[in-house]
Each structure stands twice: as structure tokens, then as C-alpha cells.
Amino acid sequence: MIFAKIIIILKITFLGTGTSQGVPIIACECSVCSSVNPKDKRLRSSVMIEINGKTIVIDAGPDFRYQMLRNNVKRIDAVLLTHGHKDHTGGLDDVRAFNYFMKKPVDIYSTIEVQKVIRNDYLYAFALERYPGVPEFELHTITNKKFEIEGIQILPIKAMHYQMPVFGYRIGDFTYITDANYIDDKELKKISGSEVLVINALRRKQHISHFTLDQALELIRILKPKTAYLTHISHQLGLFNEVEQELPANVHLAYDGLTLQL
């Protein structure tokens, strides 16, 4: 797939770069969970993209509230969801604050399957007689086709998370893939030419539903982005400073609070 070259300025902020339990893990005393390096402290994975005066957040897990406070976010224009697992949807109740200050529902973009999860988990938000102050969502259905949010073009990239289809997203020259362990050739073509690729790399040992470090590096080698960042990282991958030294020159571990501009 060939993309027309359009000048787009994006600011990307990594709100969280950890796996489903975050890092440190409760009660764990390993070297990573005990590390005093802030780059070894990882909230659940999410990124914020600022483009054309709009703010889009990809995934809203259980750390969403703290992520918004920590980054002093005053408004969001949309939430894109990759899939329905709790570490990616468990913070949606906290859009209530944005409802109050923005005086409108928050636009949520996801597949029909993910919407079923939202309607089930946040049943109270869709009741005919709703309790005052419950979150207000405006659900938008997306499929594996390019769509727009207020003129911003977004290309979904279908991947597999074990047996669950998930979406990554490409905006301009930025591609974000999390919670995947397989991407077919057709979908890989959508990623080709990305200046920045973010991809999950859970740990070194084989995993049923996530790319390992070696698998992620092999995909990066094939796709040849200018720069790649690894995310959705578990404590099993190792200490930030040690793993970073092992990586190719164009590949880095993402960390919470990292910002990029392209």
C-alpha cells in the first residue's frame, strides 16, 4: 500500500508501557520490580496523540485516571480501543471528568465486538434511567477500513492476540501495535514505510498471545522503520538500562512519559 506524503505533525506521549499487571507487579521482589529507575516503572499500555489541535488516546486501561492527571490532560477528542481486555478498557469510567468539563459525551472508536464488552462492563452508562454523573460515551463502529476523526485519517491494522482479533493503528508515519503475536502479510504492508513503529515485546520467553523480544525485532528488521519502540513490557524482559544496550541502534524500549514528535 502506497501512502501519499502529507506533512503531518504529531506529538506522541507514552502514557503507559507496561503489561496487564503493570510494573512493578504487586508483591514481586525481582530486580525489575525493585528497581529505583523511573524507566522501570510502567503503567498499563496507552499512548496519547496530539495532531491538528486534537487529542486522541489509544486505550484507556485501569491507570487512565492517573495517566490523565500525570500528563495534565484537559480534553480528549477521541479514544481508540485496540481490543476489549480490561487492561485496555478498564479506565473508561473516568471519562466522566471530561464529560463534565467538555459538556458532551466522549467519542469512543472500536469494533462491534469491543462495544459489546463496553456495554457489558459499563451497563450503568447505557441504562434507560441513568444515575446522575455516570460516564457518557458516544460509540463509533470501526472495521478494518480507513476512517477519519475530524479530518484525521486513521488506518486500522488487524493483528491476532492469540485467537482474538485486535487493531493497531497508523496515523501518518506513526504506527502503534500492542497485544499481538501475529500479523499477516496483507496487514504488514499497511505498516511499511512508517517512520516510527511501536510494537509490543512482552518478554524473552515464548508467549501464547504476545510477541517476544526476538519476534518483535524480526518484524522491525522486515518492516525497516526509521525508528522503533518496544512497549507492553513485562518485568520478565529485564532492566531498562540493560535491555536498551542489547538493542539495534534504531530500536529502543519505550518508557512512561516518553514523548516523540514527527
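Here is what the cut-offs are and how they apply
Residues numbered from 1 in each chain as written. Predicted model: local features only at pLDDT ≥ 70, side-chain atom pairs only at ≥ 80, totals over all residues. Heavy atoms only, no water. Helix = DSSP H or I, 4+ residues; strand = E, 2+ residues; numbered from the N terminus. Contact = heavy atoms within 4.5 Å. Buried < 20%, exposed > 50% of the residue type's maximum accessible area, 1.4 Å probe, protein only. Pairing = 2+ DSSP bridges. Right-handed = clockwise from strand over helix to strand, strands pointing away. Axes fitted to C-alpha atoms, helices over the stretch in contact; angles between N-to-C directions. Salt bridge = Lys/Arg side-chain N within 4 Å of Asp/Glu carboxyl O. Polar contact = N/O pair within 3.5 Å; in protein donor to acceptor, adjacent residues only side chain to side chain. Arc of directions from axis to C-beta. Phe/Tyr/Trp six-rings, centres within 6.5 Å; stacked < 30°, edge-to-face > 60°. Lys NZ or Arg CZ within 6 Å of the ring centre and 35° of its normal.

K.L.:
I'm lost on the environment of Ala-125 in this one. Help?
P.N.:
By the element assignment, Ala-125 lies in the loop between α4 (112-121) and β6 (137-141). Sequence separation between Ala-125 and Pro-135 is 10 residues, and the spatial gap between their C-alpha atoms is 5.8 Å. With sequence-adjacent residues up to four places away left out, Ala-125 is seen in contact with Arg-130, Val-134, Pro-135 and Phe-137.

K.L.:
Looking at this structure, I do not really get the pairing of strand β12 (residues 227-231). What am I missing?
P.N.:
Looking along a regular strand, one sees side chains alternate from face to face of the sheet. Of all five residues in β12, five are buried; the element is thus mostly enclosed. Here strand β11 (residues 196-200) runs beside β12; their pairing, made up of five bridges, is parallel. When the sheet's bridge partners are listed, Val-196 is paired in β12 with Thr-227. Crossover β11 to β12 through helix α6 (residues 213-223) is right-handed. Direction of pairing for β12 relative to strand β13 (residues 251-253): parallel, over a ladder of three bridges. By the bridge assignment, Tyr-229 is partnered in β13 with His-252.

K.L.:
So what exactly am I meant to see when it comes to the sheet that holds strand β3 (residues 54-58) here?
P.N.:
Sheets are built from strands that pair by backbone hydrogen bonding, the pairs being arranged parallel or antiparallel. Across the sheet, seven strands lie side by side as β6-β5-β4-β3-β2-β1-β14; this open sheet has mixed pairing. Each edge of the open sheet is held by one strand with a lone partner, namely β6 and β14 (259-261). Mean inter-strand twist for the sheet, computed between neighbouring axes without regard to direction, equals 20 degrees. The pairing of strand β1 (residues 10-16) with β14 spans three bridges and is classified as antiparallel. Following the sheet pairing, Lys-11 is matched in β14 by Gln-261. Across the sheet, α4 is in contact with β5 (106-110) and β6; its angle to β6 comes to roughly 160 degrees.

K.L.:
So what exactly am I meant to see when it comes to the pattern of salt bridges here?
P.N.:
Between side chains of opposite charge, a pair can form as their charged atoms come close. Under the criterion given, the structure shown has 10 salt bridges. The partner of Lys-54 in a salt bridge is Glu-150, and the shortest N-O contact between them spans 2.8 Å. Of this pair, Lys-54 sits in strand β3 while Glu-150 is found in the loop between β7 (147-149) and β8 (152-161), placing the two residues 96 residues apart along the sequence.

K.L.:
Help me understand the side chain of Ser-234, please; the structure alone is not making it clear to me.
P.N.:
Relative to the helices and strands, Ser-234 is located in the loop between β12 and α7 (240-246). The exposure class assigned to Ser-234 is buried, which follows from its relative accessible area of 6%. From its side chain, Ser-234 meets the backbone oxygen of Leu-202 in a polar contact 3.0 Å long.

K.L.:
Just to check I follow, could you spell out α4 for this structure?
P.N.:
Structural remark: α-helix, 3.6 residues per turn; residues separated by three or four positions point the same way. Buried residues of α4: Val-114, Gln-115 and Ile-118, and no others. Along the axis of α4, the buried residues cluster in a sector spanning 105 degrees; they form a single face. Turned more than 90 degrees from where α4 packs its buried face, Glu-113, Lys-116 and Asn-120 sit exposed. Tucked into the core, α4 has its buried residues touching β5 and β6.

K.L.:
Explanation requested: the packing of aromatic side chains in the structure shown.
P.N.:
Each aromatic ring pair is characterised by the separation of its centres together with the angle its planes make. Within this structure, the stated rule accounts for nine aromatic pairs. Aromatic side chains Phe-64 and Phe-98 sit 6.4 Å apart centroid to centroid with 65 degrees between the ring planes, which places their arrangement in the edge-to-face category. Within this pair, whereas Phe-64 is found in helix α1 (residues 64-70), its partner Phe-98 is found in helix α3 (residues 96-102), the two being separated by 34 residues in sequence. Phe-98 matches Phe-64 in its accessibility class, with the two residues each being buried. Among the aromatic residues, those joined into a ring-pair cluster are Tyr-122, Tyr-124, Phe-126 and Phe-137. One cation-aromatic arrangement involves Lys-103 over Tyr-100; the distance from NZ or CZ to the ring centre is 4.5 Å. Sitting over the ring of Phe-126, Arg-119 keeps its end group 4.7 Å from the ring centre.

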